[in-house]
Amino acid sequence: MALRLGLAFLALAAGVLAQEGEQLCGGAPYWSSDYTCYDDSVLCPVSYGIPTFPCGGACYHREMYRCVAGTSLRLLPRAAGSFGLTVQGTVSYAHSQEVRACGGYLAFGAGARECTSCVPELAPKNCAAYQNKTVLQTDGKMGSDLPGHQYWYLNTTDGALMYTLGGEANGPDEIATAGKGVTIYQDGFFSYNGLPYWLACLRTLPGGTVGTGRAYRIYAPTPDNLAKTGCDQIKLVSYGVQFIDQGAFKYN
Ligand SMILES: *[C@@H]1O[C@H](CO)[C@@H](O)[C@H](O)[C@H]1NC(C)=O
Ligand SMILES: *[C@@H]1O[C@H](CO)[C@@H](O)[C@H](O)[C@H]1NC(C)=O
C-alpha cells in the first residue's frame, strides 16, 4: 500500500529514487494522484480529484479563488444567471459527472436520467429548440419555461437537493427555501453554508434495496447527513450556460 507522504517528509526524502507510481518534483518523489508538481519545484495537493494551483506560497482552488499578480488570492465573483453542475470527487463514480434532474431530485451517476417534457401549446418556443440539459438559475428557478416556474431547493427535512415539479403541487414553503444558504461562485464551487462539499448517497428503494441503475442523490452537509454511513463527500462545480439554448420546457 502506498504511504501518503506529507510535504515536509517529501522534502526530506528529496533525492531518493522514485518507486513505481511515483514521480519526482525537484527531486522529491510524489504521487501524481495526490499532488501536482509546478515548475519542477512546487507541490500542490489534488483535493476531491480537483488540482490546486500555487499562488504566493499557498495552494488554491480555481473553483473559488483567482490569483492576483501571482501573490494574493481573491474570491471569484458570484455566479449570475443560468448554470449547470458538475460533480467532482475522489470516488470514481463521482468523477466529472453531470448533475441531472429527474423525479424532483438532482442526481448523478450512470443511472441518473434527465427527465424533461414539452407541451407545444404552452411552450414559448419550438419544443425541438430545447436541449433538455439540467440548468439551474441563480435566482432559485430551474432553467425551464413552464408557466408558474420550477424551483430548485433543499429539502428542509433531509437536506436533499431537489426541484419542484411545477403546477398545483408547489407549496410556497419549498419556493421560500430555494437557494437558501447556497453560495454559487462563477464557474466555481456550489457550496452550502460555507462548506465546500456535499454528500452523495446511493438512491435506495423503499425496503432499503439499491435501485438497478446507479443514481446518487445529493445532500447538504448538515450534521445529521454527515453522521450517515454509506455516503461519500463530493464537490459541485458550476459552469455558466445560456439557458435559451440548454434548458427544457419542463423537468419531470
Ligand atoms: C428536447 O425535448 C423535446 C420534447 O420534450 C424534443 O422535442 C426535443 O427535440 C429535445 N431536444 C433534444 C436536443 O433532444
Ligand atoms: C423531503 O424529503 C422527504 C423524504 O426524506 C419527503 O417525504 C418529502 O416529501 C420531501 N419534501 C419536499 C418538500 O420535497
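An unreviewed UniProt entry lists the chain under the name Endo-1,3(4)-beta-glucanase 1 carbohydrate binding domain-containing protein, from Echria macrotheca.

As for the site of ligand 1
With respect to spatial proximity, the complete set of residues near ligand 1 consists of Ser 117, Cys 118, Cys 127, Ala 128, Tyr 130, Gln 131 and Asn 132. Cys 118 places a polar main-chain atom, nitrogen or oxygen, 3.4 Å from an oxygen atom of ligand 1. Between ligand 1 and Tyr 130 there is a distance of 2.7 Å, counted from a nitrogen atom to a backbone nitrogen or oxygen. Protein coverage of the free-state accessible area of ligand 1, which is 360 Å², stands at 55%. Considered class by class, the residues forming the shell around ligand 1 number four nonpolar, three polar and no charged.

Some remarks on the environment of Ala 28
You can see Ala 28 is positioned in strand E2 (residues 28-31). On the basis of relative accessible area, Ala 28 is assigned to the buried category, the value being 8%. For the pair Ala 28 and Ser 41, spaced 13 residues apart in the sequence, the C-alpha separation amounts to 8.8 Å.

Overview of the sheet that holds strand E5 (residues 50-51)
Pairing between the strands of a sheet is mediated by backbone hydrogen bonds and can be parallel or antiparallel. Strands sit in the order E3-E4-E5 across an open sheet of three strands; the sheet is antiparallel. Strands with a single pairing partner mark the edges of an open sheet, and in this sheet they are strand E3 (35-38) and E5. Strand direction decides the pairing type here: strand E4 (residues 42-47) and E5, joined by two bridges, are antiparallel. Residue pairing across strands places Val 46 opposite Pro 51, the latter belonging to E5.

Considerations on unusual backbone geometry
Notably, Ala 69 is not glycine yet its phi reads approximately 55 degrees, a positive angle. Looking at where Ala 69 falls in the secondary structure, it is placed in the loop between strand E8 (65-68) and strand E9 (72-75). Phi is positive for Asn 132, close to 60 degrees, though the residue is something other than glycine. In this fold, Asn 132 is placed in the loop between strand E14 (116-117) and strand E15 (136-137).

Looking at the nonpolar core
Of all hydrophobic cores here, the largest spans 32 residues; its most connected members are Leu 106, Phe 108, Trp 152, Phe 190, Trp 198, Ile 234 and Leu 236. With three residues, the single largest contributor to this core is strand E10 (residues 82-88). Counting residues in each nonpolar core, the second largest holds eight residues, with Tyr 105, Leu 199, Tyr 219 and Cys 231 among its members.

Remarks on the pattern of salt bridges
A complete count under the given rule lists three salt bridges for this structure. When the shortest N-O distance is used, the salt bridge between Lys 125 and Asp 145 registers 3.4 Å. Here Lys 125, found in the loop between E14 and E15, pairs with Asp 145, found in the loop between E15 and strand E16 (152-154); they are 20 residues apart in sequence, far enough to count as distant. Judged by relative accessible area, Lys 125 falls into the partly exposed class, the value being 24%. Asp 139 is paired through a salt bridge with Lys 141; the nearest N and O atoms lie 3.1 Å apart. A relative accessible area of 21% places Lys 141 in the partly exposed class.

Digging into the environment of Gly 56
Position of Gly 56 among the secondary structure elements: in the loop between strand E6 (53-55) and strand E7 (58-60). Overall, the relative accessible area of 54% leaves Gly 56 in the exposed class. If we skip the residues at most four places from it in the chain, Gly 56 touches Gly 70 and Thr 71.

Quick notes on the pairing of E8
Relative to E9, E8 runs antiparallel, the two sharing four bridges. Bridge pairing in E9 places Arg 66 opposite Arg 74. Where E8 hands over to E9, the hairpin turn is made up of three residues, of which Ala 69 adopts a positive phi near 55 degrees.

Things to note about the side chain of Ser 144
Residue placement: Ser 144 occurs in the loop between E15 and E16. Given the relative accessible area of 6%, Ser 144 is considered buried. Within the structure, the side chain of Ser 144 is placed 3.0 Å from the side chain of Gln 150, a separation counted as a polar contact. Dropping the residues within four chain positions of it, Ser 144 is found in contact with Gln 150, Phe 243, Ala 248, Phe 249, Lys 250 and Tyr 251.

Some thoughts on the confidence of the model for the chain
Considering every residue of the chain, the mean pLDDT works out to 86; 84% of them sit at 70 or more. Scored below 50 in pLDDT, residues 1-18 makes 24 contacts in the model with residues more than four places away or belonging to other chains.

Parameters at a glance
Residues numbered from 1 in each chain as written. Chains lettered and ligands numbered in written order. Predicted model: local features only at pLDDT ≥ 70, side-chain atom pairs only at ≥ 80, totals over all residues. Heavy atoms only, no water. Near = heavy atom within 4 Å. Polar contact = N/O pair within 3.5 Å; in protein donor to acceptor, adjacent residues only side chain to side chain. Areas by Shrake-Rupley, 256 points an atom, 1.4 Å probe, with all protein chains shown as cover. Nonpolar A, V, L, I, M, F, W, Y, C, P; charged D, E, K, R; others polar. Helix = DSSP H or I, 4+ residues; strand = E, 2+ residues; numbered from the N terminus. Buried < 20%, exposed > 50% of the residue type's maximum accessible area, 1.4 Å probe, protein only. Pairing = 2+ DSSP bridges. Core = buried A, V, L, I, M, F, W, Y, C linked by side-chain atoms within 4.5 Å. Salt bridge = Lys/Arg side-chain N within 4 Å of Asp/Glu carboxyl O. Contact = heavy atoms within 4.5 Å. pLDDT = per-residue confidence, 0-100.

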